Amino acid sequence: MRMTAWLVVGIAWATAGAGAAEVTIKNDSLTEFGSASIVWGFVTGEMAGSWLTSPCDGNLVAVQIFWRSPSGVAADVIGNAIHIYRAGTFPEPGDEAQTIGGPVLQDNALNEWRYLDDNNTLPLNVPVTANEIVVVAFEFPAPPQAGVDPSVVRDTDGNTSGRNTIYADIGGSFVWFDSATLGVNGDWVIRAVVNCTTLSTEADVSVSMSATPTAYTAGTALQYTIVVANAGPASSPNTTLVDTFPAAFQAPVWTCVGSGGATCPAGGSGNIIGSSSLPAGSEVTFTVDGTVAPGATGTLTNSMTAVVNAPATDPTATNNTASLDIEAAVSDVIFADGFDGAPLLVRPVPAHATGRLPR
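Here's a quick rundown of the structure. (Residues numbered from 1 in each chain as written. Predicted model: local features only at pLDDT ≥ 70, side-chain atom pairs only at ≥ 80, totals over all residues. Heavy atoms only, no water.)

### A look at the overall build of the protein chain
Where we set the bar: Each helix is a run of H or I in the DSSP string that is no shorter than four residues. Each strand is a run of E no shorter than two, and both are numbered from the N terminus. When a residue's accessible area, from a 1.4 Å probe over protein chains only, is under 20% of the maximum for its type it is buried; when over 50% it is exposed; and in between it is partly exposed. Contact criterion: two residues are considered in contact whenever any of their non-hydrogen atoms come within 4.5 Å of each other. Where accessible areas are quoted, they stem from the Shrake-Rupley method and a 1.4 Å probe; at the residue level, only the protein chains shown are allowed to cover.
Within the protein chain one finds one helix and 24 strands. Going through the 359 residues of the protein chain one by one, you find that 40% of them count as buried. A separation of at least 24 residues holds for 78% of the contacts in the protein chain among residues at least 6 apart in sequence. Carbon and sulfur atoms form 54% of the exposed surface of the protein chain, whose accessible area is close to 17,600 Å².

### Looking at the pattern of salt bridges
Note the following rule: Whenever a carboxyl oxygen of Asp or Glu lies within 4 Å of a side-chain nitrogen of Lys or Arg, that contact is scored as a salt bridge.
For the coordinates displayed, the defined rule picks out four salt bridges. A salt bridge links Asp 28 to Arg 191, with the nearest nitrogen and oxygen atoms 2.6 Å apart. In this pair, Asp 28 sits in the loop between strand E2 (22–25) and strand E3 (35–39) while Arg 191 sits in strand E16 (residues 190–196), placing the two residues 163 residues apart along the sequence. Of the two residues, Asp 28 and Arg 191, both sit in the buried class.

### Considering the sheet that holds strand E19 (residues 236–243)
The line we're drawing: When DSSP finds at least two bridges between two strands, those strands are taken to pair. All axes are obtained by fitting lines to C-alpha atoms, using only the stretch in contact for helices, and the reported angles, taken between N-to-C directions, cover 0 to 180 degrees.
Strands sit in the order E21-E19-E23-E24 across an open sheet of four strands; the sheet is antiparallel. At either end of the open sheet lies a strand with only one pairing partner, and these are strand E21 (272–278) and strand E24 (321–326). For this sheet, the mean inter-axis angle between neighbouring strands, taken without regard to orientation, is 15°. Across six bridges, E19 lies against E21 in antiparallel orientation. If you follow Thr 240 over to E21, its bridge partner there is Ser 275.

### Topic: the nonpolar core
Rule in force here: To define a nonpolar core, start from buried Ala, Val, Leu, Ile, Met, Phe, Trp, Tyr and Cys residues and group those joined through side-chain atoms within 4.5 Å.
One finds Leu 60, Val 63, Val 152 and Trp 188 to be the most contacted residues of the largest nonpolar core, which totals 32 residues. Elements with a minimum of two residues in this core: strand E4 (47–53), strand E5 (58–68), strand E7 (81–86), strand E11 (126–128), strand E12 (133–139), strand E14 (164–170) and E16. The residues contacting Leu 60, other than those within four sequence positions of it, are Ile 84, Leu 124, Asn 125, Val 126, Val 128, Val 134, Ala 192, Val 193 and Val 194. Core analysis: the second largest hydrophobic core is formed by 31 residues, Cys 256, Phe 286, Val 288 and Val 308 among them.

### Observations concerning the state of the cysteines
Heads up, the condition is: When the sulfur atoms of two cysteines come within 2.5 Å, that pair is taken as a disulfide.
Going through the model one piece at a time under the given rule, you end up with two disulfides. Each sulfur of the disulfide joining Cys 56 and Cys 196 lies 2.0 Å from the other. The disulfide joining Cys 56 to Cys 196 has a torsion of about -85° about its S-S bond and is therefore left-handed. Here Cys 56, found in the loop between E4 and E5, pairs with Cys 196, found in strand E16; they are 140 residues apart in sequence, far enough to count as distant. An identical accessibility class is assigned to Cys 56 and Cys 196; each is buried. Disulfide pairing is shown between Cys 256 and Cys 264; the S-S distance is 2.1 Å. Measuring handedness by torsion sign, the sulfur bridge of Cys 256 and Cys 264 sits at about -75° and is left-handed. Shown here for the protein chain is a disulfide pattern of 1-2, 3-4, where each number marks a bonded cysteine counted in sequence order.

### A look at the layout of surface pockets
Taking a probe equal in size to a water molecule and rolling it over the atoms shows the remaining empty space. We count it as follows: Here a cavity is any set of points on a 1 Å grid over the protein atoms alone where a 1.4 Å probe fits but cannot get out, and a pocket is any open set with protein on both sides within 12 Å along at least 5 of 7 lines; a residue lines the site when it has an atom within 4 Å of a point. Grid points are joined across faces, edges and corners, and a volume is the space filled by probe spheres set on the points. Each residue gets one label: Ala, Val, Leu, Ile, Met, Phe, Trp, Tyr, Cys and Pro are nonpolar, Asp, Glu, Lys and Arg are charged, and the others, such as Gly, are polar.
Its volume calculated, the largest pocket comes out at about 190 Å³. What lines the largest pocket is a set of 13 residues, among which Trp 113, Tyr 115, Asp 117, Asp 118 and Asn 120 lie closest to the centre. Classifying every residue of the lining of the largest pocket by side-chain character gives six nonpolar, three polar and four charged.

What follows is the structure, encoded as C-alpha cells:
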C-alpha cells in the first residue's frame, strides 16, 4: 500500500448545528481555515479509521469525515460504507455496531451523516457509555488518483498513539494496521457526535454521628466521629457543612478525610463551617477531639447539617442533619441502682456465740 500526501491550506466547511447536549468527539486538531494533508494510496475496500472516546453516557448520533481534493471542486463521490465498531484491541476494532451504506461525500467539506439510508428515515443511533471507545472507519469504493481525486485528510501536528488505523490489502489479505506504521503522520479528520443523556441532579446526602465515650465525664476528653456521605446518583459539588459545637465542648480540634473523590472544608479547629464537593458514592469523615467543661451537667447535644446547593438537589432532606445527645456518666454504680437509703439488716448474735454469759 502506497501513502502519499498533498498539503491543503485554507480549509473551510459547514455542518449542521449540534444540539445543546451534543458533543463532537475527535482526535484531530483541524480547525476552519487550518491546514491538512490529503492522503491517497487506498485501494477498493480499504479503510481509514479513528478511535474515539465518548465523554458521557448517551448515543452516537452522527459521524463526520473531511473530504478534499487539490482543487476543492471535484465531483461528489459515493463511498462503499462508513462502519461504526465497538473497541477491540488496537489496531483491530471489535464488533460492528452500525453501518452507513453508500455515503455521498462532497469535496472540500466536513461531511456529516445522521441517517443510515439516503431517504433519511433510519436515524444513526449507537448507545455509548462514558469513556467508551468507538471506531469510525470509512471504506473506499475505488482507488483515489493521487494529486487529482479527493480523499480523506489528516491533520499536520502528529499521529496520536493508538488512535488511527488503516484496514489495508496486503497481498490479497485485509489486515488492520496502526496508521503510523504505514507512514501517516497525523490524525484522521474522522469524527463522531454523541448526544449526552441528561443526567439526574439528585444527590442523596446524609449525615451520621457517634461519640466516644458514649457518656461524658465533666473535665475529661470527648471525641465525635461525623460522616457526611452522598448516595447519588448525581454529585453534590457545592455542599455546605455546619456544626456549631455546644459551649460545654471546649477547644475542639478536628481532622477530615475524604474518600471517593470527596473534598474536605478548610480548617481544623473550632466549629466546622465550610464547603465540600461530594461525588456520587463518596464521603467525608470528621474526627473531632475536645474536652467537656469542668462542672458540666445535663445533656450535651451536638448537631451537624449538610446543605446541598445548586446545581444538585437532595431528594431526601430528612437525613441531612444528625443530632446526638450525650448524658453524664454515673460515678457511683452502687447507689445508682436504688440501694441508697435501704435499711441495714443486722442479725442479733446469740449470747452463747460470744462465750460469755449475759449479765
